[in-house]
There are 2 protein chains.
Amino acid sequence: MRAQDLPGIRHLPLFRDMRQAHFEALMQGCYAQNFPAGLELVRQGDPADFLHIVVEGLVELYADWGGRECTMGILRPVGTFILAACIRDAPYLMSARTLERSRIILVPASDLRATFRQDPEFAVSVINDLAGNFRTMVRHAKTLKLRNSRERIAAWLLQQAEVAGASSYQLPIEKRFLASYLGMTPENLSRALKSLEADGLRVEGARVTITDRAKVEALAQPDLLIDGPDPEAEGGAAALPGPSPE
Amino acid sequence: MRAQDLPGIRHLPLFRDMRQAHFEALMQGCYAQNFPAGLELVRQGDPADFLHIVVEGLVELYADWGGRECTMGILRPVGTFILAACIRDAPYLMSARTLERSRIILVPASDLRATFRQDPEFAVSVINDLAGNFRTMVRHAKTLKLRNSRERIAAWLLQQAEVAGASSYQLPIEKRFLASYLGMTPENLSRALKSLEADGLRVEGARVTITDRAKVEALAQPDLLIDGPDPEAEGGAAALPGPSPE
DNA sequence: CGAACCCTTGACAGAAATCAACTAAGGTGG
DNA sequence: CCACCTTAGTTGATTTCTGTCAAGGGTTCG
């Protein structure tokens, strides 16, 4: 555990309000590890022994069933994941793997459970975090059930433009992960992106440009109750809530 | 507020561990109301002023966007809903309506937030409840993204057979709600149900019969990490966790 | 330089939504 | 008690959407 990892963690909504003594005790029991890209950190079905914190790198949350696989979320530093499983002392519902070389802090789940029983402020933070995670997942289910694939793509690209603060930006993740996250195949995404040129969206390689915002919005109908944001909802399964690089 | 409503509420995982004085104070501030069938209790986007408890009847959680609508969950007594929005003091992400004449208890969200700050046991219960809700929604997203419609139907009908404890049972909800919950149209469900006769499932009206469990399981591939159960996960958006009639 | 790998494109098959019509069941009011 | 109305469910025809299979281009990395 490096000292320079601590400030970023301490500033997370989950940890920022707890008592310093408790924070230090919690961090004392942590393990820190650097992982290469492509490594499986967590396997769905495993007992949830550790809360994970990404302090460097990029992590994918995914699920599989019957040989199929899908991306459930992607996390950038600094973010936590699989809090809910740790708290319930239940098996992980999602797997996690590094997409880049990553540095991960592992917080023993038992320490976590002991701490929020002692520290009311921390309990409140956990409550807020879980509520945010739940709402993020409700939003995800809503977009899957209420929008078709072109609408989902348009809404997601529009939201990323907000995050980037510009009408032209680089895709922060590979297209295949985006496709999987949005519930479609890469081929389907590829075709849909081309067709979206008629709706005010141009995508060339990883560069996205909103050429006609009114048209895009007419298609995507961005909605606060689907496209967020729930601030502080970064744990669990959010897809790139943080600012995306250029 | 009737006295006979209290025991059922007190036995909910959310309320069973809190201090009696706090429980009584919380219930003191509640409103109880009987609603006819088909009434909208909560509109998505509204500020979350009340935690809702169904003590009698049947309530649908649903979402809409761009003129489309989908069922997100169905609740039977005794169950709570929209806890997460109350805690975050954020707009509801889902609407709720009565499907039958129902009796609902309304708990002011501000009282709720004040209480879990004072009562550590209650805070732990809230944490567990939210974690369960989150996991329920992850499962829902997983089934939507990883299974096709026939597989989703088979898995759901199989799960209901477990709940009913019999290989033949009555559907606890109308088919159109089931269709919407599973992310398809009623027509599609109707056709799929007929085709499932070849996979060991017979459905006649509301009566479901598993005629060949091995075949059904071969299709549905029931999975603990999708089809539950997370016990105590009854709030939020579970679809019929409770025992179904007949 | 070669080997992966991501992305794209095309052709096709399969799944699902839509539109329309019809049946059956339940409830209402005469 | 029955005619009527409403609504859920079903069925069929059709279109649209989406996944699958196959192949090729481009890039990155060893």
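Definitions and cut-offs
Residues numbered from 1 in each chain as written. Chains lettered and ligands numbered in written order. Predicted model: local features only at pLDDT ≥ 70, side-chain atom pairs only at ≥ 80, totals over all residues. Heavy atoms only, no water. Domains from an automatic or database assignment. Contact = heavy atoms within 4.5 Å. Buried area = accessible area lost by both parts, 1.4 Å probe. Salt bridge = Lys/Arg side-chain N within 4 Å of Asp/Glu carboxyl O. Polar contact = N/O pair within 3.5 Å; in protein donor to acceptor, adjacent residues only side chain to side chain. Helix = DSSP H or I, 4+ residues; strand = E, 2+ residues; numbered from the N terminus. Nonpolar A, V, L, I, M, F, W, Y, C, P; charged D, E, K, R; others polar. Pairing = 2+ DSSP bridges. Axes fitted to C-alpha atoms, helices over the stretch in contact; angles between N-to-C directions. Least-squares fit on C-alpha atoms with pLDDT ≥ 70 in both. Near = heavy atom within 4 Å. Buried < 20%, exposed > 50% of the residue type's maximum accessible area, 1.4 Å probe, protein only. Arc of directions from axis to C-beta. Expected span 1.5 Å × (residues − 1).

Caption draft 1: Layout of the domain arrangement of chain A. Residue and element names in this part refer to chain A. Along its sequence, chain A is organised into domain 1 (3-141) and domain 2 (148-220). Computed over C-alpha atoms only, the centres of domain 1 and domain 2 are separated by 28 Å. Opposite the 10 residues of domain 1 that make contact, domain 2 presents 5 residues. Carbon and sulfur atoms make up 62% of the surface buried where domain 1 meets domain 2, a total of about 630 Å² over both sides. If you look at where domain 1 meets domain 2, you find 0 salt bridges. Counting the contacts that link domain 1 with domain 2 gives 2 residue pairs in polar contact (both at pLDDT 80 or more). It is strand S5 (residues 68-75) that contributes the most residues to the side of domain 1 that touches domain 2, 6 residues altogether. For the side of domain 1 that touches domain 2, a count of residues per class yields 4 nonpolar, 3 polar and 3 charged.

Caption draft 2: How the structure looks around the sheet that holds strand S4 (residues 59-65) of chain B. Residue and element names in this part refer to chain B. Sheet architecture is open: 4 strands sit in the order S2-S7-S4-S5, paired in antiparallel fashion. If you trace the sheet from one side to the other, it starts and ends with strand S2 (40-42) and strand S5 (68-75), each paired once. Neighbouring strand axes in the sheet, compared pairwise and without regard to direction, differ in orientation by 35 degrees on average.

Caption draft 3: Structural view of the interface of chain A and chain B. Each partner contributes to the interface: chain A provides 59 residues, whereas chain B provides 59 residues. A combined buried area of about 4,900 Å² lies between chain A and chain B, and 69% of that area is made up of carbon and sulfur atoms. There are 4 salt bridges connecting chain A and chain B. A salt bridge links Glu121(A) to Arg117(B); the nearest nitrogen and oxygen atoms lie 3.7 Å apart.

Caption draft 4: Structural detail: the relation of the copies chain A and chain B. Mapping chain A onto chain B calls for a rotation angle of 180 degrees and an axial translation of 0.0 Å; the resulting RMSD is 0.0 Å. When the rotation and shift are considered jointly, the pair of chain copies conforms to a two-fold rotation axis. Closest approach to the rotation axis among the C-alpha atoms of chain A is made by Phe134(A), whose C-alpha sits 2.2 Å away. An overlap of 100% is found between the interface residues of chain A and their copies at the interface of chain B, pointing to a shared contact surface.

Caption draft 5: Molecular detail of the protein's contact with DNA strand D. DNA strand D sits among 15 residues. The nearest are Ser149(A), Asn188(A), Lys175(B), Arg176(B) and Arg191(B). Near-protein atoms of DNA strand D (within 4 Å) split between backbone and bases, with sugar and phosphate holding 73%. In the environment of DNA strand D, a base oxygen lies 3.0 Å from a nitrogen or oxygen atom belonging to the side chain of Arg191(A). One of the side-chain N or O atoms of Lys194(B) is found 3.2 Å from a phosphate oxygen in DNA strand D. Listed by contribution, the elements that provide at least two residues to the surface near DNA strand D are helix H8 (186-195) of chain A together with helix H7 (175-181) and helix H8 (186-195) of chain B. No other element matches H8(B), which puts 4 residues into the surface near DNA strand D. Within the surface near DNA strand D, the residues separate by chemical class into 1 nonpolar, 6 polar and 8 charged.

Caption draft 6: The arrangement of the pairing of strand S7 (residues 95-98) of chain A in detail. All names here are of chain A. With burial as the criterion, each face of S7 is covered, one bearing Ser95 and Arg97 and the other bearing Ala96 and Thr98. Relative to S7, strand S2 (residues 40-42) is paired through 2 bridges, and the arrangement is antiparallel. From the neighbouring strand, Val42 faces S7, where its bridge partner is Ala96. The sheet contact formed by strand S4 (residues 59-65) and S7 spans 4 bridges and is antiparallel.

Caption draft 7: Expanded view of the protein's contact with DNA strand C. Near DNA strand C lie 15 residues; those nearest to it are Lys175(A), Arg176(A), Ser149(B), Asn188(B) and Arg191(B). When contributions to the surface near DNA strand C are tallied by element, the ones reaching two or more residues are helix H7 (175-181) and H8 of chain A together with H8 of chain B. Among the elements that line the surface near DNA strand C, the one with the most residues is H8(A), at 4 residues. Residue composition of the surface near DNA strand C, grouped by class: 1 nonpolar, 6 polar and 8 charged.

Caption draft 8: Structural view of helix H4 (residues 109-118) of chain A. Looking at H4(A), one finds that the buried residues are Ala109(A), Leu112(A), Thr115(A) and Phe116(A). End-on, the buried residues of H4(A) take up no more than an arc of 120 degrees, which puts them together on one face. Where H4(A) is buried, its residues meet helix H2 (20-28), strand S3 (50-56), helix H3 (83-88), strand S8 (102-108) and helix H5 (120-146) of chain A together with helix H5 (120-146) of chain B.

Caption draft 9: Spatial organisation of H5(A). Residue and element names in this part refer to chain A. In this model H5 runs 38 Å from its N-terminal to its C-terminal C-alpha over 27 residues, within 8% of the 39 Å that 1.5 Å per residue would give. When you tally the buried positions in H5, you get 24 out of 27 residues, the bulk of the element. Where H5 begins, one side-chain oxygen reaches toward the backbone nitrogen of Glu121, 3.0 Å away; that side chain belongs to Asp119.

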